Amino acid sequence: MKLGFIGAGEMGGAIIKGLLKSGWAKEDIRASVHSPEFAQRVAQEQGISVGTDNRQTALWADIVVIAVKPGVVPHVLPEIASAGKKPVICMALGWTVEKLQAALPGWPVIRIMPNTPLALREGVTLFAFGKQVSAEVRQTAEGIFKRLGKTLELPENLFAAGTAVSGSGPAFVYAFIDALAQAGVGQGLSYNQALELSLQTVVGAAKMVEEEKISPAELAQKVATPGGCTAAGMEVLQTTGLETALEKTIAATVAKAQEFAGK
Ligand SMILES: NC(=O)c1ccc[n+]([C@@H]2O[C@H](COP(=O)([O-])OP(=O)(O)OC[C@H]3O[C@@H](n4cnc5c(N)ncnc54)[C@H](OP(=O)(O)O)[C@@H]3O)[C@@H](O)[C@H]2O)c1
């Protein structure tokens, strides 16, 4: 299965990295980007063939993966269209199945929302499928991203919400890891010490949520013994409004995602 990436920046590059880690053959991935200098850099870093001719990439590929910024999509679609009908997977924010289908009438189009941990095969990819997508293509597309983490099909009216939680989510989690570390620095730890503690705590706690069959709220209760120091901290966390901060963060992200989708 030959995958042709149109764009190989942060997100496209992360997917390529994850696929290569998963054992996908280098010869079966190609990319085209905008600048020849960047093409050379990606080719060197990833060890794949990278050019600047989108039509050539699309002609060569069995499946085309669009990984350019949303505003660039209208420029690359005619180049892809000129290569002939084949499945197209697009990850650009706001590019709904309806918009893709209008630009490529009769083509099998798939909308996805990945996240950058796909590079480590610990990602999440959200899916929405166009009507022309056969069961076989659907299975193939999901199979590609299942190699890189979890996948979830969502109705398009929930795509913005999913985008906020998992697509943008890594940024919010990085901010949390940093804030926890900075708070430790405020109490005398060095930043390096505090970051190591914060990071490993987030990794360990995430694994506990994954493996223990109880809710995060119940797990928090198990750490926060009544009258103890964690309980004292949790009370402040609740009254100063972590939940409100995240509600507002996600709502602002959803609003922007909907704006991109033209809703
Ligand atoms: N970053 C994320 O965490 C994330 C998460 C989910 C979804 N996405 C989506 O992924 C898409 C890409 O985002 P990104 O963060 O990866 O952006 P990025 O780092 O800016 O990468 C964009 C890529 O597109 C290439 N490009 C620009 N114009 C092109 C053209 N005419 N033909 C072919 N390639 C062209 C760029 O090449 P040059 O460098 O040579 O200009 C670069 O390789 C966006 O639509 C975004 O909504 C991103």
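None of these values were measured; they are calculated from a predicted model.

A closer look at the domain arrangement of the chain
Per the domain assignment, the segments of the chain are domain 1 (3–166) and domain 2 (169–258). Spacing between the C-alpha centres of domain 1 and domain 2 amounts to 32 Å. On the side of domain 2, seven residues touch domain 1, which itself brings 11 residues to the contact. Within the side of domain 1 that touches domain 2, the residues separate by chemical class into six nonpolar, five polar and no charged.

Description of the environment of Pro36
Among the secondary structure elements, Pro36 is positioned in helix α2 (residues 36–46). In this structure, the C-alpha to C-alpha distance between Pro36 and Thr52, residues 16 residues apart in sequence, is 6.4 Å.

What about the sheet that holds strand β8 (residues 149–153)?
On the basis of which strands lie adjacent, the open sheet formed by eight strands has the order β3-β2-β1-β4-β5-β6-β7-β8 and mixed pairing. At either end of the open sheet lies a strand with only one pairing partner, and these are β3 (49–51) and β8. Going across the sheet, the axis of each strand differs from the next one's by a mean of 25 degrees, ignoring polarity. Of the pairings in the sheet, the one linking strand β4 (residues 63–66) to strand β5 (residues 88–90) comprises three bridges and is parallel in character. Residue Val65 lies in a different strand from β5, and its bridge partner there is Ile89.

Comments concerning the site of the ligand
Taken together, 28 residues surround the ligand, and among them Gly7, Gly9, His34, Phe38 and Ala92 come closest. If you list the elements that add at least two residues to the shell around the ligand, you get α1 (10–21) and α4 (73–81). A per-element tally of the shell around the ligand places α1 first, with three residues. For the shell around the ligand, the class distribution of residues is 15 nonpolar, 11 polar and two charged.

What to know about the packing of helix α7 (residues 159–167) against helix α12 (residues 242–260)
Between α7 and α12, the shortest axis-to-axis distance is 8 Å and the interhelical angle comes to 130 degrees. Looking at the two axes, α7 sits oblique to α12. Considering only the axes of α7 and α12, their crossing is right-handed. In this structure, α7 uses Ala160, Ala161, Thr163, Ala164 and Val165 to contact α12, whose residues at the interface are Ile250, Thr253, Val254, Ala257 and Gln258. Residue composition of the contact of α7 with α12, by class: seven nonpolar, three polar and no charged.

Cut-offs and rules
- Residues numbered from 1 in each chain as written.
- Predicted model: local features only at pLDDT ≥ 70, side-chain atom pairs only at ≥ 80, totals over all residues.
- Domains from an automatic or database assignment.
- Contact = placed C-beta atoms within 7 Å.
- Nonpolar A, V, L, I, M, F, W, Y, C, P; charged D, E, K, R; others polar.
- Helix = DSSP H or I, 4+ residues; strand = E, 2+ residues; numbered from the N terminus.
- Pairing = 2+ DSSP bridges.
- Axes fitted to C-alpha atoms, helices over the stretch in contact; angles between N-to-C directions.
- Near = placed C-beta within 6 Å.
- Parallel < 35°, antiparallel > 145°, perpendicular 65-115°, else oblique.
- Left-handed = near helix turned anticlockwise from the far one by under 90°.

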